[in-house]
Amino acid sequence: MKIAILPGDGIGVEIVAEAVKVLKALDLKFEMETALVGGAAYAAHGHPLPESTLELAKQADAVLFGAVGDWKYDKLERALRPEQAILGLRKNLGLFANFRPAICYEQLTHASSLKPELIAGLDILIIRELTGDIYFGQPRGRRTAVDGHFPGADEAFDTMRYSRPEIERIARVAFEAARKRNKRVTSVDKANVLETFQFWKDIVSEVGKDYPDVALDHMYVDNAAMQLVKEPKKFDVVVTGNMFGDILSDEAAMLTGSIGMLPSASLNANNQGLYEPSHGSAPDIAGKGVANPLATILSGAMMLRFSLNQEEAARRIEAAVKKVLAQGLRTPDIWSEGTTQVGTQEMGAAVVKALV
Ligand code: IPM
Ligand code: MG
């Protein structure tokens, strides 16, 4: 089993180090190899996703990824910005299925900005299509408008598009996932306005016929954004396109009050995967030893489960995380009165110690 370790920028470096500690404590045989990615790779090699990093990721069974991005790279041309590393990995590895669970841990119910009763026990799985839609659709660019409201003016454009196989395969991922949970899928679209998402809705419905045991409903994205804060527990599995999934998954993550707790997985058709925390690189707190490593540690658990076929080890990590929360240990992002504040390294060490 080979794992590519790509810490990236900002707090990525600190939190990945803790996840690696936890993985090493499991006594499993992995080969781990670390490489630069994002702004750190740009600074060293002039590109956010150097060929050597991409090769390592392709050869590995799984990639453990920290985070990329820093304000100091905001002025670079788009192709050289840190974010291009993650987009390039998704595209080159064909990581079309993105799993973003939003789980509210019992001890952290009060960390949410929503009333505790609305989110206690929350367990939603957002499945975001990750290699299509307006993110990757061609053509895109800048030009002089020949029509529209201002012919002759400068304009920019992107293309929203989805093919039938792209929708079918992500729909199947969602129905299969729902079968292992509460057997409900909500497909989020904008079929009332967009041709692409009427097509999406039609195809998800077709695929749904193969899963009569799973209840399927459809929701417009604006309504879904509203229902997520109104009655989040109504959802089980949410499946949607790349852009809507980007937005809704941040919203769902924040419902739990602690984006520092949420892992994610991005898989391709061979179950090769990239695992990363749902949060970003947080350059404002980088290097201070206060970042929450739990989302990355839990991403390691997802990696063991989905790509490395080590369910038992995955559960050990998840149980250890619950244990440290029960012990009252909290990084500043999830701290509340009556609990014990710890730093990044102390939290990682506590999880290692809690492994049984
Ligand atoms: C995410 C991020 C990325 C995205 C950025 C960093 C390109 O927001 O993983 O959700 O938009 O997909
Ligand atoms: Mg996002």
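This one's a predicted model, so the numbers in the text were calculated from it and none came from an experiment.

Novice: Explain the pattern of salt bridges here, please?
Specialist: Any two side chains of opposite charge can pair, so long as their charged atoms come close to each other. Taken as a whole, this structure holds 18 salt bridges when the rule is applied. A salt bridge links Arg 181 to Asp 236; its shortest N-O distance comes to 2.9 Å. Of this pair, Arg 181 sits in the loop between helix H6 (164–179) and strand E8 (184–189) while Asp 236 sits in the loop between helix H8 (221–230) and strand E10 (237–240); the two residues are 55 residues apart in sequence, bridging distant segments of the chain. What makes Arg 181 partly exposed here is its relative accessible area of 22%. Across the pair Arg 305 and Glu 311 runs a salt bridge whose closest N-O atoms are separated by 2.8 Å. You can call Arg 305 partly exposed: its relative accessible area is 25%. Overall, the relative accessible area of 30% leaves Glu 311 in the partly exposed class. Within the structure, one salt-bridge network assembled from shared partners comprises Arg 305, Glu 311, Arg 315 and Glu 318.

Novice: It is not clear to me how the site of ligand 1 should be interpreted in this structure. Could you clarify?
Specialist: Taken together, the residues surrounding ligand 1 are Glu 83, Arg 90, Arg 100, Arg 128, Tyr 135 and Asp 246. One of the side-chain N or O atoms of Tyr 135 is found 2.5 Å from an oxygen atom in ligand 1. Between an oxygen atom of ligand 1 and a side-chain N or O atom of Asp 246, the distance comes to 2.9 Å. In the complex, 71% of the free accessible area of ligand 1, which totals 320 Å², lies under the protein chains. In terms of residue class, the shell around ligand 1 is built from one nonpolar, no polar and five charged.

Novice: In this structure, what is going on with the domain arrangement of the protein? I would like to understand it.
Specialist: By a widespread convention, an interface's size corresponds to the accessible area lost as its parts come together. By domain assignment, the protein separates into domain 1 (1–96 + 268–356) and domain 2 (100–261). For domain 1 and domain 2, the distance between their C-alpha centroids amounts to 24 Å. For the domain 1 and domain 2 pair, buried surface summed over both sides reaches about 1800 Å², with 69% attributable to carbon and sulfur atoms. Considering only the side of domain 1, the residues that lose the most area to domain 2 are Arg 90, Phe 96 and Ser 278, jointly responsible for 37% of the buried surface there. Our count for the domain 1 to domain 2 interface comes out at zero salt bridges. Taken together, the connections running from domain 1 to domain 2 amount to three residue pairs in polar contact (both at pLDDT 80 or more). Contributions of two or more residues to the side of domain 1 that touches domain 2 are made by helix H4 (83–93), helix H10 (294–306) and helix H11 (311–326).

Novice: Where do I start with the sheet that holds strand E1 (residues 2–8) in this structure?
Specialist: Each strand in a sheet pairs with its neighbour through backbone hydrogen bonds, running either in the same direction (parallel) or in the opposite one (antiparallel). The 10 strands are arranged E2-E1-E3-E12-E11-E4-E5-E10-E8-E9 in an open sheet whose pairing can be described as mixed. The sheet is open, and its two edges are formed by strand E2 (31–34) and strand E9 (215–220), each paired on a single side. Sheet twist, expressed as the average angle between the axes of neighbouring strands with direction ignored, equals 20°. Looking at chain direction, strand E5 (residues 123–129) and E10 are connected through four bridges and run parallel. Residue pairing across strands places Ile 126 opposite Val 238, the latter belonging to E10. On the sheet, helix H9 (residues 242–255) packs against strand E4 (97–103), E5, E8 and E10 and is oriented at approximately 160° with respect to E5.

Novice: Can you help me understand the pairing of E9 in this one?
Specialist: Every regular strand shows the same layout, with side chains that alternate between the two sheet faces. Bridge count for E8 against E9 is six bridges, and the pairing is parallel. Across the sheet, the residue bridging to Val 188 is Met 219, located in E9. Chirality of the crossover, the property in question, places the unit of E8, helix H7 (residues 195–208) and E9 among those that are right-handed.

Novice: Would you take a moment to explain the packing of H10 against H11 for this structure?
Specialist: The relative placement of two packed helices comes down to the angle between their axes together with the axis-to-axis distance. H11 packs onto H10 with a crossing angle of 160° between their chain directions and a minimal axis gap of 7 Å. Our classification of the angle between H10 and H11 gives roughly antiparallel. For the pair H10 and H11, the sense of crossing is left-handed. Counted together, Leu 294, Ile 297, Leu 298, Gly 300, Ala 301, Leu 304 and Arg 305 of H10 and Glu 311, Ala 313, Ala 314, Arg 315, Ile 317, Glu 318, Val 321 and Leu 325 of H11 form the full contact between these two elements. Looking at the contact of H10 with H11, its residues break down into 10 nonpolar, one polar and four charged.

What counts as what
Residues numbered from 1 in each chain as written. Chains lettered and ligands numbered in written order. Predicted model: local features only at pLDDT ≥ 70, side-chain atom pairs only at ≥ 80, totals over all residues. Heavy atoms only, no water. Salt bridge = Lys/Arg side-chain N within 4 Å of Asp/Glu carboxyl O. Helix = DSSP H or I, 4+ residues; strand = E, 2+ residues; numbered from the N terminus. Buried < 20%, exposed > 50% of the residue type's maximum accessible area, 1.4 Å probe, protein only. Near = heavy atom within 4 Å. Polar contact = N/O pair within 3.5 Å; in protein donor to acceptor, adjacent residues only side chain to side chain. Areas by Shrake-Rupley, 256 points an atom, 1.4 Å probe, with all protein chains shown as cover. Nonpolar A, V, L, I, M, F, W, Y, C, P; charged D, E, K, R; others polar. Domains from an automatic or database assignment. Buried area = accessible area lost by both parts, 1.4 Å probe. Pairing = 2+ DSSP bridges. Axes fitted to C-alpha atoms, helices over the stretch in contact; angles between N-to-C directions. Contact = heavy atoms within 4.5 Å. Right-handed = clockwise from strand over helix to strand, strands pointing away. Parallel < 35°, antiparallel > 145°, perpendicular 65-115°, else oblique. Left-handed = near helix turned anticlockwise from the far one by under 90°.

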